[in-house]
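# Working through the structure, step by step
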Amino acid sequence: MLPSQVTLVDVGPRDGLQNEKLQVAAGVKVELVHRLQSAGLKEIEVTSFVSPKWVPQMADNTEVMAGITRRPGVRYSVLVPNMKGLEGALPTRPDEVVVFGAASEAFSQRNINCSIEESIERFRPVAAAAREAGLKVRGAISCALGCPYQGEVSLDDVERVVRLMKDIGVDHVGMADTIGVGTPRRVQAVMERALKHYPLVEVSGHFHDTYGQALANIYASLELGIHTFDASIAGLGGCPYAKGATGNVATEDVVFLLHGLGIATGIDLDALVDAGAFISDALGRPPVSRAGKALLAKRVG
Ligand code: HMG
Ligand code: MG
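Before going into details, it helps to say that this report is about the structure given with it. (Residues numbered from 1 in each chain as written. Chains lettered and ligands numbered in written order. Predicted model: local features only at pLDDT ≥ 70, side-chain atom pairs only at ≥ 80, totals over all residues. Heavy atoms only, no water.)

### Describing the site of ligand 1
We count it as follows: The criterion for a residue being near a molecule or strand is simple. One of its heavy atoms has to lie within 4 Å of it. Side-chain atoms alone can form a polar contact between residues adjacent in sequence; in general such a contact is a pair of N or O atoms within 3.5 Å, and within protein one must be able to donate a hydrogen while the other accepts it. Accessible areas in this description were obtained via Shrake-Rupley with a 1.4 Å probe; residue shielding takes into account the shown protein chains only. Under the DSSP-based scheme used, a helix requires at least four consecutive residues in state H or I and a strand at least two consecutive residues in state E, with every element numbered from the N terminus. In this classification, Asp, Glu, Lys and Arg are treated as charged, Ala, Val, Leu, Ile, Met, Phe, Trp, Tyr, Cys and Pro as nonpolar, and every other residue, Gly included, as polar.
Around ligand 1, 26 residues are found, and the nearest of them are Q18, N82, N113, S142 and T178. The contact in question runs from a nitrogen atom of ligand 1 to an N or O atom on the backbone of G85, over 3.2 Å. Starting from 1100 Å² of accessible surface for ligand 1 in isolation, the protein chains cover 75%. The set of elements that each furnish at least two residues to the shell around ligand 1 consists of helix 1 (12-16), helix 4 (83-89), helix 5 (105-112) and strand 5 (136-142). Its residues assigned to classes, the shell around ligand 1 shows twelve nonpolar, ten polar and four charged.

### A closer look at the packing of helix 2 (residues 26-38) against helix 11 (residues 269-283)
The line we're drawing: Fitted lines through C-alpha atoms serve as axes, helices being fitted only where they are in contact, and the angles separating the N-to-C directions of these axes extend from 0 to 180 degrees. By the definition adopted for this analysis, an angle is roughly parallel if under 35 degrees, roughly antiparallel if over 145, roughly perpendicular if from 65 to 115, and oblique otherwise. Working rule for contacts: check all heavy atoms of both residues, and any pair within 4.5 Å makes them a contact.
Where helix 2 contacts helix 11, the two axes come as close as 9 Å, and the packing angle between them is 170°. When the interaxial angle is binned, helix 2 and helix 11 end up roughly antiparallel. Note on element contacts: helix 11 touches helix 2 through L272, D274, A275, F278, I279 and A282, opposite V28, E31, L32, R35 and L36. Tallied by class, residues from the contact of helix 2 with helix 11 come to eight nonpolar, no polar and three charged.

### Observations regarding the side chain of S204
To keep things clear, this is the line we draw: Accessibility here uses a 1.4 Å probe with only protein chains present; expressed as a share of the type maximum, an area under 20% marks a residue as buried, one over 50% as exposed, and anything in between as partly exposed.
Along the chain, S204 turns up in strand 7 (residues 203-207). Relative accessible area serves as the criterion here: at 2%, S204 is assigned to the buried category. Sequence-distant contacts of S204, defined by excluding residues within four places in its chain, comprise H172, V173, G174, M175, M191, I226, T228 and F229.

### Considering the coordination of the magnesium ion (ligand 2)
Applied cut-off: For Na, K and Ca the donor cutoff is 3.2 Å, while for all other metals N, O and S atoms must lie within 2.8 Å; water is not among the atoms, so some sites may look incomplete.
Bound to the magnesium ion (ligand 2) on the protein side are D15 (OD), H206 (NE2) and H208 (NE2), at distances that span 2.1 to 2.3 Å. Counting along the primary sequence, the residues that act as donors to the magnesium ion (ligand 2) give the motif D-x190-H-x1-H. Like H208, H206 is buried.

### Observations regarding helix 8 (residues 184-195)
Defined as follows: Residue count minus one, scaled by 1.5 Å, sets the expected span of a helix.
Taking 1.5 Å of rise per residue, the twelve residues of helix 8 would be expected to cover 16 Å, and the 16 Å separating its terminal C-alpha atoms lies within 8% of that figure. For helix 8, the complete set of buried residues consists of V187, Q188, V190, M191, R193 and A194. Buried-residue contacts for helix 8 involve helix 7 (155-167), strand 6 (172-177), strand 7 and helix 9 (214-223).

### A look at the environment of R285
In this structure, R285 sits in the loop between helix 11 and helix 12 (290-300). Judged by relative accessible area, R285 falls into the partly exposed class, the value being 36%. Between the C-alpha atoms of R285 and K84, which are 201 residues apart in sequence, the distance is 35 Å. Sequence-distant contacts of R285, that is, excluding residues within four places in its chain, are made with E20, L236 and S280. At 2.9 Å, the side chain of R285 forms a polar contact with the side chain of E20.

### Observations concerning helix 12
Note the cut-off: Think of the arc as the fan of directions from the helix axis to the C-beta atoms.
Looking only at helix 12, the buried set comprises A291, G292 and L295. Along the axis of helix 12, the buried positions cluster into a sector of 100°, meaning they face one direction only. In helix 12, those exposed residues whose orientation departs by more than 90 degrees from the buried face are R290 and V300. In this structure, the buried residues of helix 12 make contact with helix 10 (251-260) and helix 11. Where helix 12 begins, the side chain of S289 points an oxygen toward the backbone nitrogen of A291, at a separation of 3.4 Å.

Have a look at this one:
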């Protein structure tokens, strides 16, 4: 039995755009968020409060958050790596903050310039202060299926970070395949480790589609009852600290799969395809989404 309903978190405005070399105007990012919420997305990862020297594309975080006309029932999340990030984020009124750690030491160093243990000590006060402010805290665990620097990552290493996240009061863990190397059985093994510490509703999948495995990995996660997934509109993105990694699985493709399985998402696929076309046009390239391209071609034909 697969879940009857799935929640998708569109991470396109953040994960999708953070790697873009040319600055995308804040107005375009705001319009993208508006189009996503009009298409029925109930969770949107809008931006990150990280060092603008490390990720210049996200330097307009406050402006983007201020520009959004909020819809009741939609949750807006932002990434924060430390207290400075949280202090920047709080006045912009996110519903949720995301701390992001890694199951691999090498990636932790490259991405956030500290060891896994140091990262957890940085997240501890962030999680406490965010909860104090009434916000939900999500923890992203990068390299849960493999690392661009060290290669294999053991299940024990993944579970260790899940446990550490739990210890510091993180409400939800997102198991991230940063470089898209995971395959279904391994994904299930990783999810099972997370499910030892968190309930089904508080575990999600975040699959980059570098090796074309993301939809299979989502299906494998559905088989376990996991019903929350990150996806990126038009398949945008990649991590600046994971060379060669492509974007997240395209939201359009995931919605096509889920609706085909009879699973409700609350998302209007046509409006979603329009949102994908909008941001792809703004970036001057065709959408990566296979479903998006097919549905656009069908309209013309
Ligand atoms: P650091 O250099 O070790 O930090 O960077 P620091 O505390 O020593 O501070 C150095 C400077 O940065 C200081 O400024 C701080 O004020 C400033 P200076 O005195 O030199 O002018 N600073 C900040 N500025 C703004 N906001 C902040 C902040 N913190 C310090 N929050 C740090 C550590 C974490 C800040 C840095 O490494 C960083 O920003 N990294 C960015 C990492 C990132 O955004 N990666 C992409 C997102 S994660 C991802 O994509 C993976 C995910 O999708 C899951 C998956 O697919 O795996 C989530
Ligand atoms: Mg990512």
